Amino acid sequence: DSPEGTLRIAVVGCGGHARAVSLPAIATADYCEPTVIVSGSAEKRAELGETYMATALDYHEYTAGQAVDEYDAVYVSTPNRLHLPHVETAARLGKAVICEKPLEATLERAERLVAACENEGVPLMTAYRMQAAPVVRRLREFLRGGGIGEPQRAFGDFTYPALDGERGPDQWRLDPELAGAGALFDLGIYPLNTVRFLFDSDPVAAWGDTRSTGEAFAEVDEHSDFSVDFGEYVGNFSASFSGYTTTRLTVQGTHGRVVVDPAFGSTEDRDIMVETKAGRVRLVGVGANETREEFDYFANAVLTGGEIESDGEDGLVDMRTMTAVLESAETGSRVDV
Ligand code: NDP
C-alpha cells in the first residue's frame, strides 16, 4: 500500500557514502526527503544545505530546540563507533532510525543501540541495501522456488582497497577504536548478510582467520577469511582491504549454481549467471537504484507501521557472527554463534 505523506529524514554525517549515494537516493525517493543535514563541516553544510534545500546543522544543533521538529527519522552515517550516541539520542527524541552497517564497532555497543530503540519503541532498520535490491530479492525467490535444487553452499568475496588516491593511512577504517575491525566488519558483512538473506537462515557457528601484511593495517584485519555453518548450508567468505576490487557471490545447489559478479557494490549493475544441466542463462546489467529502494522501504514501513525485515536483530546476528570470527582467529577454534 502507498503510505500517506512523506518521511522527513535528518542525515547525520555527510561522508563519502552519504554524499555520493544516500543523499541523492533519499532526495529522489517517493516516500521520504532529506529535510535536515547534519555535518561537522561548515563547508559541507553550506553546499549540501543548498543542493537539497534542507536545514543544515552541526552535531549539537540538530538535537536542540525547534530543529527537532524538522525531521521524523534519523539516518546515521558516521564512523561505526559513533553510531550508538546518535541512535540513543534519536530514540530518546522518538525518531525512527536507519543506521549504517555494521551497527556499531563492538557487539556490546550494538546491543545497547538496539536496546535503546526497543526501550523507546522507535523503529530501527540496519541499512542493508543489498536486501532492497530488486535483483537480490528476485534471486531469493528463484532459490526458494528450487531454481538450482536444494541450495547447499555459498561463496562470497568482497575486496575493496582501503588505500587509494583519496584515502590514505590516516582514516577511521584503519582505527580499531572507531571501526571495531577492518575488512571483516567493513566488507565481510555484505556477503554474510546477503547469504543469510538468500538462505533465510542464521549461523550456528563460525570460524576463520585474519591477517595483515601492509604497514597501514597493523591494528585491523587487512584480510579476513571465514566460514559459517548455517546448519543445512555452509558459507565461505573472504574480505580484503587490498587488491583489485572484486565483488563476487556464488550459490551452489544440488542441481545448479548462480554466480553474481559484480555482486556487492552500491552503484554497479550486477551480472548474473545461472547454470543447470539444462544450460546457462546470463542476465547482464539488471540494475536499479537499490539505495533509493532501501530508503523507500524504510519510509514506507515507518509511515504505515509495517514490519522491517532488516531490523536491529538482523544487524545483531551479523555482529555476533563477526565477533565469533574474531574470537576464532584468536583461538583457532570453531565458535558457536
Ligand atoms: P567517511 O569517512 O567517508 O565519512 C564519515 C563521516 O562521518 C565524515 O565525513 C564526517 O562527516 C563524519 N564524522 C563524524 N565524526 C567523525 C570522526 N571522528 N572521524 C571521521 N568522520 C567523522 O565514511 P563512509 O561514508 O564511507 O562510512 C560511513 C558509514 O557508512 C560507516 O558506518 C560505513 O560502514 C557505512 N557505509 C555503508 C555503505 C553501504 O553501502 N551501505 C558504503 C560505505 C560506507 P561530516 O564531515 O559531515 O561531519
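Residues numbered from 1 in each chain as written. Predicted model: local features only at pLDDT ≥ 70, side-chain atom pairs only at ≥ 80, totals over all residues. Heavy atoms only, no water.

S.K.: So what's going on with the domain arrangement of the chain? Which residues, and what values?
M.R.: Looking at the assigned domains, one finds that the chain contains domain 1 (7–127) and domain 2 (130–291 + 319–336). Between the C-alpha centres of domain 1 and domain 2 there is a distance of 26 Å. With 16 residues of domain 1 at the contact, the number on the domain 2 side is 17 residues. Overall, the association of domain 1 and domain 2 removes approximately 1,300 Å² of surface from exposure, summing both partners, and the carbon and sulfur fraction of that is 67%. Summed over the shared surface of domain 1 and domain 2, the number is two salt bridges. A salt bridge links Lys-101 to Asp-186; its shortest N-O distance comes to 3.5 Å. Taken together, the links from domain 1 to domain 2 amount to five residue pairs in polar contact (both at pLDDT 80 or more). Among the secondary structure elements, those contributing two or more residues to the side of domain 1 that touches domain 2 are α1 (16–28) and α4 (107–120). The residue makeup of the side of domain 1 that touches domain 2, split by class, is nine nonpolar, four polar and three charged. (Domains from an automatic or database assignment. Contact = heavy atoms within 4.5 Å. Buried area = accessible area lost by both parts, 1.4 Å probe. Salt bridge = Lys/Arg side-chain N within 4 Å of Asp/Glu carboxyl O. Polar contact = N/O pair within 3.5 Å; in protein donor to acceptor, adjacent residues only side chain to side chain. Helix = DSSP H or I, 4+ residues; strand = E, 2+ residues; numbered from the N terminus. Nonpolar A, V, L, I, M, F, W, Y, C, P; charged D, E, K, R; others polar.)

S.K.: Tell me about the layout of surface pockets, and name the residues and values.
M.R.: In this structure, the largest pocket encloses a volume near 1,200 Å³. What lines the largest pocket is a set of 45 residues, and nearest its centre among them are Gly-15, Gly-16, His-17, Arg-167 and Arg-173. At five residues, the largest contribution of residues to the lining of the largest pocket is made by α1. Classifying every residue of the lining of the largest pocket by side-chain character gives 17 nonpolar, 17 polar and eleven charged. A domain-level breakdown of the lining of the largest pocket finds at least three residues from each of domain 1 (7–127) and domain 2 (130–291 + 319–336). (1 Å grid on protein atoms, 1.4 Å probe; cavity = no way out; pocket = protein on both sides within 12 Å on 5 of 7 lines; lining within 4 Å. Points joined across faces, edges and corners; volume = space filled by probe spheres on them.)

S.K.: Explain the packing of α1 against helix α8 (residues 290–304) residue by residue, including any values.
M.R.: Interhelical geometry of α1 versus α8 gives an angle of 60° and a closest axis separation of 8 Å. The angle between the axes of α1 and α8 places the two elements in the oblique class. For the crossing formed where α1 meets α8, the hand is right-handed. Note on element contacts: α8 touches α1 through Thr-291, Arg-292 and Phe-295, opposite Val-21, Ser-22, Ala-25, Ile-26 and Thr-28. Here the residues of the contact of α1 with α8 are counted per class, giving four nonpolar, three polar and one charged. (Axes fitted to C-alpha atoms, helices over the stretch in contact; angles between N-to-C directions. Parallel < 35°, antiparallel > 145°, perpendicular 65-115°, else oblique. Left-handed = near helix turned anticlockwise from the far one by under 90°.)

S.K.: Got a sec to walk through the packing of aromatic side chains? Specific residues and values, please.
M.R.: A full pass over the atoms with the stated rule returns eight aromatic pairs. An angle of 90° between the planes, with centres 5.0 Å apart, marks the rings of Tyr-75 and Phe-295 as edge-to-face. Of this pair, Tyr-75 sits in strand β4 (residues 73–76) while Phe-295 sits in helix α8, and the two are 220 residues apart along the sequence. Note on accessibility: Tyr-75 and Phe-295 belong to one class, buried. Taken together, the aromatic side chains of Phe-158, Tyr-190 and Phe-264 make up a single cluster linked through ring pairs. (Phe/Tyr/Trp six-rings, centres within 6.5 Å; stacked < 30°, edge-to-face > 60°. Buried < 20%, exposed > 50% of the residue type's maximum accessible area, 1.4 Å probe, protein only.)

S.K.: Can you explain the packing of helix α7 (residues 183–199) against helix α9 (residues 312–331)? Please cite residues and give values.
M.R.: At a minimum axis separation of 10 Å, α7 and α9 run at an interaxial angle of 120°. With respect to their mutual orientation, α7 and α9 come out oblique. As for how α7 packs across α9, the hand of that crossing is right-handed. The residues of α9 that touch α7, namely those facing Leu-184, Phe-185, Ile-189, Leu-192, Asn-193 and Arg-196, are Asp-314, Val-317, Asp-318, Met-319, Thr-321, Met-322, Val-325 and Leu-326. Each residue belonging to the contact of α7 with α9 can be placed in one class, and the counts come to nine nonpolar, two polar and three charged.

S.K.: Please provide a residue-by-residue account of the site of the ligand, values included.
M.R.: The ligand sits among 24 residues. The nearest are Gly-16, Ser-39, Lys-44, Tyr-59 and Arg-129. Residue Ser-39 places a side-chain N or O atom 2.6 Å away from an oxygen atom belonging to the ligand. Interatomic distance of 2.6 Å between a side-chain N/O atom of Lys-44 and an oxygen atom of the ligand. Starting from 890 Å² of accessible surface for the ligand in isolation, the protein chains cover 77%. Among the detected pockets, the ligand sits in the largest pocket. When residues of the shell around the ligand are assigned to domains, at least three map to each of domain 1 (7–127) and domain 2 (130–291 + 319–336). (Near = heavy atom within 4 Å. Areas by Shrake-Rupley, 256 points an atom, 1.4 Å probe, with all protein chains shown as cover. Sits in = over half its atoms within 2 Å of the grid points.)

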